[in-house]
Amino acid sequence: MATIKFTQDHEWIRVEGDIGVVGITDFAQEELGDLVFIELPVTGKHFAQGEETAVIESVKAAADLKAPVSGTVTEVNSSLTDEPGKVNADPAGAGWFFKIKIADANELVGLLDEAAYRALVKK
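Right, let's walk through the structure included here. For clarity, every value in this text was computed on a predicted model and none was experimentally measured. (Residues numbered from 1 in each chain as written. Predicted model: local features only at pLDDT ≥ 70, side-chain atom pairs only at ≥ 80, totals over all residues. Heavy atoms only, no water.)

### Focus on the sheet that holds strand β7 (residues 62-66)
Turning to step 1, where the next piece is worked out: A sheet is described by the order of its strands in space; here three strands give the open sequence β4-β6-β7, paired in antiparallel fashion. For this open sheet the edge positions go to β4 (35-39) and β7, each flanked by a neighbour on one side alone. With direction set aside, neighbouring strand axes in the sheet form an average angle of 25°.
Turning to step 2, where the next piece is worked out: Two strands pair when backbone bridges link them, and strand β6 (residues 52-58) and β7 are joined in this way by five bridges, in the antiparallel orientation. (Pairing = 2+ DSSP bridges. Helix = DSSP H or I, 4+ residues; strand = E, 2+ residues; numbered from the N terminus. Axes fitted to C-alpha atoms, helices over the stretch in contact; angles between N-to-C directions.)

Here it is, written out as structure tokens:
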């Protein structure tokens, strides 16, 4: 069974072995509004935890998606380039941004579980 962790910046990572599937939370997409443009990272690029990986633009604002863990991008959801609204419709499913090969699983320990994330967004 996959483990899902969250960042305080409203990213999620679904851990499947040594690969993490990364996206933004439902809370984040609601705050941003209708997404109109997404710039995805390049496959094969390495990111440090917290480094900006993707650009998200909406009708209200622009934001950066940050790497929840260090690692190398193994796959991107290229359909988001033409259909950024997939993130609004299904942020935890079809709206995923990229997959990353996790360099240090210990970094996951510092991320929030679902209960802690829910408490964060209620503030």
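Text resumes after the structure shown.
### Notes on the sheet that holds strand β9 (residues 98-102)
Turning to step 1, where the next piece is worked out: The six strands lie next to each other as β1-β2-β3-β9-β8-β5, forming an open sheet whose pairing is antiparallel. Of all strands in the sheet, those bounded by a partner on one side alone are β1 (3-6) and β5 (46-47).

### Regarding the nonpolar core
In globular proteins that are soluble, nonpolar side chains generally tend to be buried together.
Turning to step 1, where the next piece is worked out: Counting 24 residues, the largest nonpolar core has I13, I24, L65 and F97 as the members making the most contacts within it.
Turning to step 2, where the next piece is worked out: Elements supplying a minimum of two residues to this core: β2 (11-16), β3 (19-24), α1 (26-32), β4, β6 and β9.
Turning to step 3, where the next piece is worked out: Once residues lying within four places of it in the same chain are set aside, the contact partners of L65 are E11, V22, G23, I24, E51, E52, T53, A54, I56, F97 and F98.
Turning to step 4, where the next piece is worked out: Core analysis: the next-biggest nonpolar cluster, separate from the first, contains six residues, W12, V21, L112 and Y117 among them. (Core = buried A, V, L, I, M, F, W, Y, C linked by side-chain atoms within 4.5 Å. Buried < 20%, exposed > 50% of the residue type's maximum accessible area, 1.4 Å probe, protein only. Contact = heavy atoms within 4.5 Å.)

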